[in-house]
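Below are the chains, spelled out letter by letter.
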Amino acid sequence: MAVPPSTYPHRLLPLFLGLFQAAMLLFFALFVTYDEPSAQEKDTSLVAHQVYSTFPFFQDIQVMLVVGLGLLLTFLPRYGFSSLTHNFLLLNFSMQWALVLQGLLHHFHHGQIHLDLHKLLISEFAAVTVLISVGAILGRASPCQLLAMATCEVPIYLASEWVIVTCLGVLDVGGTITIHIFSCYFGLGVSKALFGATQQPLHPKETPTPSSDLMSLVGTLILWVFWPSFVAVLCQPGDAQHRAILNTLLAMSAGAITTVVASSLLERDGKLSPGHLQNGSLAGGVAIGVVADMAVPPVASLALGSLSAVVCVLGFRFLTPLLGRKLTLHDQCGIHNLHGLPGILGAAASVMAVLVASKDTS
């Protein structure tokens, strides 16, 4: 008995995911293995130290991506379940896809890819770019379109990251340039390609409700708490990692207070905008990532966090409506205000930090 044509799109998602996971199983069976156990006790202790020093940061990042970011995207009242599930699906899909591509490009030796926690962490960083980019088209794209976007974005991210870090020698431990700026403008490009022909009217289901804003704010608080781990995980253990944690906390604390000030002044009734708080309080973490481990004074972290929050709030208040009118650019979650503008600000701050640093500064 023939299947009605209308059911084919509903079967496309499981078919695509099933083929993808089958391909991953075959690839891992043929080419992926673990390192051989070390015979020397000293080497074993070193590996154990590396695992125990990295895995707590890794767990924090998992909570950020699965719980924090997932809840942050639930501000659309009729799209909360889909936001959480699509975020979780894209994280796992993109991580496996990035793990394969990175292994083939950088870690393929003698026909084998040796898997370790650091490679898995780098793959999750590639998946973060997809999760951020999705914010531009949240609620307007099908799951298959999201997976197609992830399939294309991960290799492009890996190429751009290699050019920025390896070829140009840019220092960016927190991913301000390589992750936040890249994912922002990639997502906006996808949004323009899919929905930029005409200006999209605001759908009634896109208006947040108090309960959806509250759930999204919970996601913001989770991201705020664990953000220092995201910035510091790739820093050199010791002074650099300690400095990155402190700078990130200072920047995000200043950003949270400045967001309340800026939002209250810009709103007509003086009330705090939930959208401003959900995003502006995280802007400091985006901007500080590129200079977090540098020898910058604490006041610079406070200033950068405050300035990034102001830029984020002003972007929501003025720039997003302007881009929608002039360029018919749809940005559902305001990723340009949270990731693009603070990212550019952080990149400019890193240039200033290098220029003003003394010659004897490491």
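Note that this is a predicted model, so its numbers are computed, not measured.

1. Quick look at the pattern of salt bridges
- Considering all chains together, one arrives at one salt bridge under this definition.
- Between D116 and K119 there is a salt bridge, and its shortest N-O distance comes to 3.1 Å.
- We classify D116 as partly exposed; its relative accessible area is 30%.

2. Thoughts on the pairing of strand β3 (residues 112-115)
- Alternating positions in β3 separate cleanly, I113 and L115 being buried on one face and Q112 and H114 remaining unburied on the opposite face.
- In this sheet, β3 lies alongside strand β1 (residues 32-34) in parallel orientation, the contact comprising three bridges. Among the inter-strand pairings, V32 is bridged to a residue of β3, identified as I113.
- Summarising the sheet, strand β2 (residues 108-109) and β3 pair through two bridges and their orientation is antiparallel.

3. Looking at the sheet that holds β3
- The three strands are arranged β1-β3-β2 in an open sheet whose pairing can be described as mixed. Every other strand in the sheet has two partners, leaving β1 and β2 as the edge strands with one partner each.

4. Some details on the packing of aromatic side chains
- Within this structure, the stated rule accounts for ten aromatic pairs.
- Where F20 meets F93, the ring centres are 4.3 Å apart and the plane angle is 40°; that geometry is what we call tilted. Of this pair, F20 sits in helix α1 (residues 8-31) while F93 sits in helix α3 (residues 80-106), and the two are 73 residues apart along the sequence. The exposure classification of F20 matches that of F93, with both residues buried.
- An angle of 70° between the planes, with centres 6.4 Å apart, marks the rings of F27 and F28 as edge-to-face.
- When its relative accessible area of 26% is taken as the criterion, F28 is described as partly exposed.
- An aromatic cluster of at least three residues, connected via ring pairs, comprises F27, F28, F31 and F108.

What counts, and where the lines are drawn
- Residues numbered from 1 in each chain as written.
- Predicted model: local features only at pLDDT ≥ 70, side-chain atom pairs only at ≥ 80, totals over all residues.
- Heavy atoms only, no water.
- Salt bridge = Lys/Arg side-chain N within 4 Å of Asp/Glu carboxyl O.
- Buried < 20%, exposed > 50% of the residue type's maximum accessible area, 1.4 Å probe, protein only.
- Helix = DSSP H or I, 4+ residues; strand = E, 2+ residues; numbered from the N terminus.
- Pairing = 2+ DSSP bridges.
- Phe/Tyr/Trp six-rings, centres within 6.5 Å; stacked < 30°, edge-to-face > 60°.

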